[in-house]
Amino acid sequence: MTKNAVRGDVPQVLVLAALPLLAGAALPWVLLRPNRLAPGEYLRLPPALLALMLVLALLPLLAARFLPRLTWLAAGLAVVAVFWVVGLQTRCALVGQAEFARASAAAGVWLSGLGALIAVYGAGLLLVGRQKLLAWAWVPAVLALVWAGHLSGWSVLVEARNEGPRWVQELAQHLRLVGTALGLSTLIGVPLAVWAAGRERVAVAVLGLANAIQTLPSLALLGLLIAPLSALSNAFPALRAAGISGIGVAPALTAMTLYALLPILRNGVVALRGVPAGAVDAARGMGMTGRQIFWRVQVPLALPVWLTGIRQAAVLLVGVASVAALIGAGGLGTYIFKGLQSAAADLILLGAVPAALLAIGVDAALRGLEVWLGRRFGRVG
């Protein structure tokens, strides 16, 4: 698709963004409850703020029509306005309320936020090169609102303050689980992929086994590991002393490592088999040994595609690590399941939103590394 064709889709994208923005402005924005669990009262926007959000809903579309270079600014203003308004409304709702009162974001906030982010995506289609960074200009503005305490009345941030160091510990545990499992799966998957790349029967066997493992639901795999690991820890006290048992980190890391093998193996085999034969023949003609050809030719050319598999595994592991909280492994999933058990949506968001942002951040960072390696070695992953 050409660049002009992509830009031609911008009006349709911005119309698609305006619809949830307009609908969200008319819906309730705040749910005021006397405490975390009790039912509450839905509050709508006052007329002045309603008019502001209606204008901002149409502003990106108007900017794309008359001032295309400023479409990114109009879309960014819509995102910042959503956070500013929800901060203002939650703080106002809590005036005169008891200490345990909670002001949560209602449907209008989430629908308007979705529309604003779609508008940002549409505005990004009009930007080229380094200008695309302008599409992210709303991020520091939102962070400034958080830092200044403007969103201090939002129930999710109230729960975050109450949890404090415990939340930081669970986030660190989540990162440890993901990092350790990704490292183990890479250490296992890379040699297996190298071995299988030149042997069809081996490739069919290892890819078939990895595919079979990933077809199992993550919760089922965690459950299947409890019995054998419990038996091993009972049979060998040294394992129990090392912290290996049927619940906790050991089964979680085992399941996560097995789950991450398929994308690493599959992309590794495809990447190594996809190295141009001409490049290998040229290196052999220059007198390189088999080991030199592998490290100096095959690995650099295969690395961008291989890294795609590692990226997919990393994003997958962020989600599986959340499920692992059910067997006592810790992580952000602790808040998700605690919130589900007590019907506390704020606790669910306290675990779900950071996990989602973590997955997006990991994906973006590794995707950038893929692009850089693709340019560096002449291939796009």
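Residues numbered from 1 in each chain as written. Predicted model: local features only at pLDDT ≥ 70, side-chain atom pairs only at ≥ 80, totals over all residues. Heavy atoms only, no water.

Caption draft 1: The arrangement of the side chain of glutamate 163 in detail. For glutamate 163, the location among the structural elements is in helix H7 (residues 155-163). The buried charged residue glutamate 163 lacks any salt bridge, with lysine 338 as its nearest oppositely charged partner at 4.6 Å. Beyond its immediate sequence surroundings of up to four residues, glutamate 163 is in contact with Tyr335, Leu347 and Leu350. (Helix = DSSP H or I, 4+ residues; strand = E, 2+ residues; numbered from the N terminus. Buried < 20%, exposed > 50% of the residue type's maximum accessible area, 1.4 Å probe, protein only. Lys, Arg positive; Asp, Glu negative; His and termini not counted. Salt bridge = Lys/Arg side-chain N within 4 Å of Asp/Glu carboxyl O. Contact = heavy atoms within 4.5 Å.)

Caption draft 2: Looking closely at the pattern of salt bridges. Following the criterion strictly, the structure yields 7 salt bridges and no others. Note that aspartate 281 is salt-bridged to arginine 284, the shortest N-O span being 3.2 Å. Pair noted here: aspartate 281 and arginine 284 are both in helix H13 (residues 277-285), with a separation of 3 residues, about one helical turn. In this structure, aspartate 363 and arginine 311 form a salt bridge, with 2.8 Å as the shortest nitrogen-oxygen distance. In this pair, aspartate 363 is assigned in helix H16 (residues 345-377) and arginine 311 in helix H14 (residues 290-323), connecting sequence segments 52 residues apart. Salt bridges sharing common partners tie together Arg311, Asp363 and Arg367.

Caption draft 3: Expanded view of the pairing of strand S1 (residues 30-33). Neither face of S1 is exposed, since Val30 and Leu32 on one face and Leu31 and Arg33 on the opposite face are all buried. For S1 and strand S2 (residues 41-43), the ladder comprises 3 bridges, and the chain directions are antiparallel. Of the residues in S2, the one forming a bridge with valine 30 is leucine 43. Of the pairings in the sheet, the one linking S1 to strand S3 (residues 102-105) comprises 4 bridges and is antiparallel in character. Pairing of valine 30 across the sheet is with alanine 105, part of S3. (Pairing = 2+ DSSP bridges.)

Caption draft 4: Quick look at the packing of helix H9 (residues 200-215) against helix H12 (residues 249-273). Running from amino to carboxyl end, H9 crosses H12 at an angle of 150°, the nearest separation of the two axes being 8 Å. Our classification of the angle between H9 and H12 gives roughly antiparallel. Crossing geometry of H9 relative to H12 is assigned as left-handed. Each of Glu200, Ala203, Val206, Leu207, Ala210, Asn211, Ile213 and Gln214 in H9 lies in contact with H12, whose residues at this interface are Leu258, Tyr259, Leu262, Pro263, Leu265, Arg266 and Arg273. Residues of the contact of H9 with H12, tallied by class, amount to 10 nonpolar, 2 polar and 3 charged. (Axes fitted to C-alpha atoms, helices over the stretch in contact; angles between N-to-C directions. Parallel < 35°, antiparallel > 145°, perpendicular 65-115°, else oblique. Left-handed = near helix turned anticlockwise from the far one by under 90°. Nonpolar A, V, L, I, M, F, W, Y, C, P; charged D, E, K, R; others polar.)

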